[in-house]
Amino acid sequence: MLTYRRKLLAASSLHSRYSRACVSEVVARWTRALKTSAAVAAASQSSEAVNQAFQPACATSASPPSPWDRLNLDDAATRAPIAYKYIPHLPYHTGLKLQEALVQRRVAMMDEAEKSATSGQKDLNIGQGPSSRLPIDVILLLQHDPVYTGGRRIRGASSASEGLRLRELTGADYHETLRGGQLTYHGPGQLVGYPILALTTKGGYGYSEEMRKMGRLPVRCYVSLLEHMMINVAARYGIPASVTQNTGVWVPGKSRVTELKDENKIGAIGIHLTHNVTSHGFALNCTTDLSYFDQIIACGLPDKGATSIAVETPIWKDYQSLLPNGTTPGEVFVEAVVPVVVDEMEKVLARKLVNLDASDDSAWKTGRSAADLESIEESFEDIRDLIQRTLY
Amino acid sequence: MTNLLCPPSTYPHHSVPLARRYTKEHEWVSVDGAVGTVGISDYAQQALGDVVFVELPEVGKEVEKGSQVAAVESVKAASDIYAPVTGKVVEANEELAKNPTWINESPYEKGWICKIQLSNPAEFETLLNEESYKVHVEESAH
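Residues numbered from 1 in each chain as written. Chains lettered and ligands numbered in written order. Predicted model: local features only at pLDDT ≥ 70, side-chain atom pairs only at ≥ 80, totals over all residues. Heavy atoms only, no water.

**A short note on the pattern of salt bridges**
All names here are of chain A.
Alright, step 1. Applying the stated criterion across every chain, the model contains 16 salt bridges over all chains.
Alright, step 2. For Arg-236, the salt bridge identified is with Asp-343, shortest N-O distance 2.9 Å. Pair noted here: Arg-236 is in helix H6 (residues 219–236) and Asp-343 is in helix H9 (residues 329–349), with a separation of 107 residues, a long-range link.
Alright, step 3. The class of Arg-236 is buried, set by a relative accessible area of 6%.
Alright, step 4. On the basis of relative accessibility, which here comes to 23%, the residue Asp-343 falls in the partly exposed class.
Alright, step 5. Put simply, Glu-344 and Arg-236 hold a salt bridge, and the shortest N to O gap is 2.7 Å. A residue pair is termed long-range when its members are at least 10 positions apart, and Glu-344 in helix H9 and Arg-236 in helix H6 qualify at 108 residues. (Salt bridge = Lys/Arg side-chain N within 4 Å of Asp/Glu carboxyl O. Helix = DSSP H or I, 4+ residues; strand = E, 2+ residues; numbered from the N terminus. Buried < 20%, exposed > 50% of the residue type's maximum accessible area, 1.4 Å probe, protein only.)

The structure is reproduced here in structure tokens:
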């Protein structure tokens, strides 16, 4: 285990070097892209146009080596796609309900796959009858209202009084959760991801050969995979983020709060595993109001601060200036980060991500059989129904 | 009696007198009389990574086979642990709560999680024995 962590640290320091070297290059590329797209955006004055114009280029040449490089995205068409949905505004308790429903669905599908396996049915992937839909994984991407949440470790009386204090001080809600990790903040401007994934090949149709060889994606590898996804997203914005001995994604630099802090967290992780199905996930600060973090010792690390894409790059200011008055650019900017996260998520998981609200887009369909496509579409429909039922 | 050449973490069968049975979700149970001692397997602790927190069940709690009985947290991930047998929790390993790394260092001895008074001792026989569990682990690893 120690060796594993050391390997990751080595990879990350290499990564930082790469990133620093390419920051200026990325920013220059951004500025070029902005100049050409700004006119388009200004003409239409719509946030969609600005967001479309605001996609950072793929950092191909500066791509850091990652433990996930051996996964080949070219083969993604042979694996089940993952459905994703972006929800711009989700109350925390509704988010919990939604995750619970999706986890239950996924666990039930694994049980079914298990049964068909023991009954001698060879193909776990596509069974017969209406109950044997493809076990498609789901990722929710969203923004919460201001809310503090406590992890499993700090549940209980002291956590409740801390919740009361925070509510009085900031007006933000407080929830206890079953995820790993300690205390954190979610709110507008932060992109939260809840991947509901089966970390096992049992009914986990679609994992690559490499993952099959691992038997399942061990929990610790899943956490590291999320870290690397966020590092890659930060790199696309020219931010030299890395992993440290503390879980999460960090950017070197002095804190806004105290001079003592030498690294600030841009991306946080907290996972709950139920029968090998993941819930909760990651939170990436894009334009988060970081003053909420000043009220807490986030993740139990008193000498560390928080940061965001907006704080780390000048690009954010350019973005703001492009938007018409009266919009809430902080939250709208998160929508510009969504496709970047989707892209990097596809790379670390070596699976195609399909937007549930735009599954007609044909890019993910190439290389799949008509029968597979039909089965996948049916699964998407089930997931859409489930989300609708839970949300409204 | 620890054999220095074969530390318990590598060769657990050298120092564990009671036969263990396993679930497919990698919990183990060994039975002494009608009381089963429960923990998670060496494979499970490796998959989890360094354990930082163990959530123990309350003594007196009635659990059903397959229902959630405890949780372990490693690298920001809390994993539910399920009861391998039906019965009543008669003891929880309070020392483990203070030393969560025992799950990694000694999954079959110091890392035991709780003891369950079996209400249906026949359940034990339906679990995987050492060989079939080994096959299960190998199968999921290839």
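So that's the structure; there's more coming.
**Overview of the sheet that holds strand S8 (residues 87–92) of chain B**
Pairing between the strands of a sheet is mediated by backbone hydrogen bonds and can be parallel or antiparallel.
Residues and elements named next belong to chain B.
Alright, step 1. Here six strands make up an open sheet; going across it, the order is S1-S2-S3-S9-S8-S5 and the pairing antiparallel. The open sheet has two free edges, formed respectively by strand S1 (20–22) and strand S5 (62–63), since each of these has just one partner strand.
Alright, step 2. As defined by bridge partners, S5 adjoins S8 across two bridges and the pair is classed as antiparallel. Following the sheet pairing, Val-63 is matched in S8 by Gly-87. (Pairing = 2+ DSSP bridges.)

**Quick notes on H6(A)**
Residue pairs spaced three or four apart in an α-helix point in one direction, given the helix's 3.6 residues per turn.
All names here are of chain A.
Alright, step 1. The terminal C-alpha atoms of H6 lie 26 Å apart, and with 18 residues this matches the ideal 26 Å at 1.5 Å per residue to within 8%.
Alright, step 2. In terms of burial, H6 is largely enclosed, as 17 of its 18 residues are buried.
Alright, step 3. Positive phi shows up at Gly-238, right after H6, with a value of about 80°. (Expected span 1.5 Å × (residues − 1).)

**Some words on the pairing of strand S2 (residues 27–32) of chain B**
All names here are of chain B.
Alright, step 1. Within S2, five of the six residues are buried, leaving the element largely enclosed by the surrounding structure.
Alright, step 2. Alignment of S1 against S2, held across three bridges, turns out to be antiparallel. Across the sheet, Arg-21 pairs through a bridge with Val-29, a residue of S2.
Alright, step 3. The turn linking S1 back onto S2 is made up of four residues, and His-26 within it adopts a positive phi angle of 75°.
Alright, step 4. Pairing of S2 with strand S3 (residues 35–40) involves six bridges; the strand directions are antiparallel. By the bridge assignment for S3, Ser-30 is matched with Thr-37.
Alright, step 5. Counting the residues in the hairpin turn of S2 and S3 gives two residues, including Gly-33, whose phi is positive at 70°.

**Description of the pairing of strand S6 (residues 68–74) of chain B**
Residue and element names in this part refer to chain B.
Alright, step 1. Summarising burial for S6: six of the seven residues are buried, a large majority.
Alright, step 2. Sheet topology note: the strand S4 (residues 51–55)/S6 ladder contains four bridges and is antiparallel. Its bridge partner lying in S6, Phe-53 is registered against Glu-73.
Alright, step 3. Pairing of S6 with strand S7 (residues 77–82), which is carried by six bridges, proceeds in the antiparallel orientation. Across the sheet, residue Ala-71 finds its bridge partner in S7, namely Asp-80.
Alright, step 4. Counting the residues between successive antiparallel strands, the hairpin from S6 to S7 contains two residues, one of them, Val-75, with a positive phi of roughly 30°.

**Topic: the UniProt feature "modified residue: N6-lipoyllysine" (unreviewed entry) in chain B**
Alright, step 1. UniProt records the feature "modified residue: N6-lipoyllysine" (unreviewed entry) for Lys76(B) in the present numbering.
Alright, step 2. Positionally, Lys76(B) belongs in the loop between S6 and S7. (UniProt positions renumbered as here; feature names shortened; annotations may be inferred.)

**A short note on the sheet that holds strand S5 (residues 183–186) of chain A**
All names here are of chain A.
Alright, step 1. Overall, mixed pairing links the three strands, which are arranged S4-S3-S5 in an open sheet. The sheet is open, and its two edges are formed by strand S4 (173–176) and S5, each paired on a single side. Neighbour-to-neighbour, the strand axes of this sheet turn through a mean angle of 25°, independent of strand direction.
Alright, step 2. Both strand S3 (residues 147–150) and S5 contribute to a ladder of four bridges, which runs antiparallel. Pairing of Thr-149 across the sheet is with Thr-184, part of S5. (Axes fitted to C-alpha atoms, helices over the stretch in contact; angles between N-to-C directions.)

**Notes on the nonpolar core**
One broad rule of soluble globular proteins: the nonpolar side chains tend to lie buried together.
Residues and elements named next belong to chain A.
Alright, step 1. Counting residues in each nonpolar core, the largest one holds 78 residues, and the members touching the most others are Leu-141 and Val-337.
Alright, step 2. Apart from the residues within four sequence positions on either side, Leu-141 is in contact with Tyr-84, Lys-85, Tyr-86, Ile-87, Leu-191, Val-192, Gly-193, Phe-282, Val-338, Val-341 and Val-342.
Alright, step 3. Residues Leu-98, Leu-142, Leu-356 and Leu-373 belong to the second largest nonpolar core, which totals 32 residues. (Core = buried A, V, L, I, M, F, W, Y, C linked by side-chain atoms within 4.5 Å. Contact = heavy atoms within 4.5 Å.)

**Considerations on the packing of aromatic side chains**
Alright, step 1. Tallied over the entire structure, the rule returns eight aromatic pairs over all chains.
Alright, step 2. Where Trp28(B) meets Tyr108(B), the ring centres are 5.9 Å apart and the plane angle is 55°; that geometry is what we call tilted. Of the two residues, Trp28(B) is situated in strand S2 and Tyr108(B) in the loop between helix H3 (102–105) and strand S9 (114–118); the sequence distance between them amounts to 80 residues. A single burial state applies to Trp28(B) and to Tyr108(B), both of which are buried.
Alright, step 3. Members of the aromatic cluster, each reached through a chain of ring pairs, are Tyr148(A), Tyr185(A), Tyr292(A) and Phe293(A).
Alright, step 4. Looking at Arg20(B), its charged tip hangs above the ring of Tyr108(B), at a distance of 3.7 Å from the centre.
Alright, step 5. Positioned over the ring face of Phe124(B) is Arg21(B), at 5.6 Å from the centre of the ring. (Phe/Tyr/Trp six-rings, centres within 6.5 Å; stacked < 30°, edge-to-face > 60°. Lys NZ or Arg CZ within 6 Å of the ring centre and 35° of its normal.)

**Observations regarding H9(A)**
Residue and element names in this part refer to chain A.
Alright, step 1. Over its 21 residues, H9 runs 30 Å from end to end, which matches the ideal 30 Å to within 8%, given 1.5 Å per residue.
Alright, step 2. The sharpest bend along H9 measures roughly 30° and falls at Val-337, with the proline Pro-339 sitting one to four residues further on.
Alright, step 3. Counting buried positions over the 21 residues of H9 gives 16, a clear majority of the element.
Alright, step 4. In the segment just after H9, Ala-350 is the residue with positive phi, at about 55°. (Bend = angle between axes of the 7 residues up to and from the residue.)

**Considerations on the environment of Tyr82(B)**
Alright, step 1. Tracing the chain through its elements places Tyr82(B) in strand S7.
Alright, step 2. Classification of Tyr82(B) as buried rests on a relative accessible area of 6%.
Alright, step 3. Other than its neighbours up to four places away in sequence, Tyr82(B) contacts Leu273(A), Thr274(A), His275(A), Glu25(B), Glu27(B), Gly66(B), Ser67(B), Gln68(B) and Val69(B).
Alright, step 4. A polar side-chain atom of Tyr82(B) sits 2.8 Å from the main-chain amide nitrogen of His275(A). (Polar contact = N/O pair within 3.5 Å; in protein donor to acceptor, adjacent residues only side chain to side chain.)

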